[in-house]
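Structural overview
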Amino acid sequence: MKVISTKKAPAAIGPYSQAIRVGNLVYTSGQIPIDPATGAFAEGGIKEQTRQSLNNVKAILEEEGLAMDNVVKTTVFMADMGDFAEMNGVYAEFFTEPYPARSAVAVKTLPKGALVEIEVIAEAK
C-alpha cells in the first residue's frame, strides 16, 4: 500500500489520505471543489465546482504518473440531482471513450456545503 499526496489538490483535513495505491489500482478520496491555491471553493455554481473537483482528482492522479484516461470508475455525489445535466456537461470534458463506469447520487449534504464531491478508482496500465 502506498499513500499518494500532492500540494496541487486540497490537503486531507481528517484521518484519511488524498489517495491510496494498492497494486495497480489507485483509490482517491472524494474531492470537493476547494482550490488548493486559495483554500476556498471555486467561485460559481455546479459547473465551476465540478471542474474544480475534477481538477483536484486529476492533480492527485498526476502525482502518481496517471491521467484521467486511467480512471475505471467514478462516484459523483451531488447536493441536488437537479444539477445533473450541468455537472455531466463539465464531466464530459474530462473523459473520453471508453468512459469509466459511474455512479451519481444525490445526498442530503456534502462537506463544507459543497454542491459536488467526486471520487475515482484508476488503474495503472
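These lines cover the structure that appears in this document, whether it is placed above or below. Because the structure is a prediction, the values reported are computed rather than measured.

Here is what the cut-offs are and how they apply
- Residues numbered from 1 in each chain as written.
- Predicted model: local features only at pLDDT ≥ 70, side-chain atom pairs only at ≥ 80, totals over all residues.
- Heavy atoms only, no water.
- Core = buried A, V, L, I, M, F, W, Y, C linked by side-chain atoms within 4.5 Å.
- Buried < 20%, exposed > 50% of the residue type's maximum accessible area, 1.4 Å probe, protein only.
- Helix = DSSP H or I, 4+ residues; strand = E, 2+ residues; numbered from the N terminus.
- Axes fitted to C-alpha atoms, helices over the stretch in contact; angles between N-to-C directions.
- Left-handed = near helix turned anticlockwise from the far one by under 90°.
- Contact = heavy atoms within 4.5 Å.
- Salt bridge = Lys/Arg side-chain N within 4 Å of Asp/Glu carboxyl O.
- 1 Å grid on protein atoms, 1.4 Å probe; cavity = no way out; pocket = protein on both sides within 12 Å on 5 of 7 lines; lining within 4 Å.
- Points joined across faces, edges and corners; volume = space filled by probe spheres on them.
- Nonpolar A, V, L, I, M, F, W, Y, C, P; charged D, E, K, R; others polar.
- Pairing = 2+ DSSP bridges.
- Right-handed = clockwise from strand over helix to strand, strands pointing away.

**Observations regarding the nonpolar core**
Counting 25 residues, the largest nonpolar core has Val26, Leu54, Leu61, Met68, Val76 and Phe95 as the members making the most contacts within it. Broken down by element, the residue count for this core peaks at six residues, all from helix H1 (residues 46–63).

**A few points about the packing of H1 against helix H2 (residues 84–94)**
Closest axis-to-axis distance for the H1/H2 pair is 8 Å, and the angle between their directions is 35°. At the point where H1 passes H2, the crossing takes the right-handed sense. In this structure, H1 uses Ile46, Lys47, Thr50, Arg51, Leu54 and Asn55 to contact H2, whose residues at the interface are Glu86, Met87, Val90, Tyr91, Glu93 and Phe94.

**Some points on the pattern of salt bridges**
On inspection of all chains with the given rule, the structure shows three salt bridges. Notably, a salt bridge pairs lysine 2 with glutamate 64, separated by 2.9 Å at the nearest N-O pair. With lysine 2 in strand S1 (residues 2–4) and glutamate 64 in the loop between H1 and strand S4 (71–78), this residue pair connects regions lying 62 residues apart in the sequence. On the basis of relative accessibility, which here comes to 42%, the residue lysine 2 falls in the partly exposed class.

**Topic: the layout of surface pockets**
As a volume, the largest pocket reaches approximately 210 Å³. For the largest pocket, the lining is made up of 13 residues, of which Pro10, Ala11, Ile13, Tyr16 and Ile32 are closest to its centre. Its residues assigned to classes, the lining of the largest pocket comprises eight nonpolar, four polar and one charged.

**Overview of the pairing of S4**
Examined bridge by bridge, S4 and strand S6 (residues 116–123) share seven bridges and lie antiparallel to one another. Bridge pairing links phenylalanine 77 to glutamate 117 in S6. With six bridges joining them, S4 and strand S5 (residues 101–106) adopt parallel strand pairing. The partner of methionine 78 across the bridge, within S5, is alanine 106. Traced from S4 through H2 to S5, the parallel crossover comes out right-handed.

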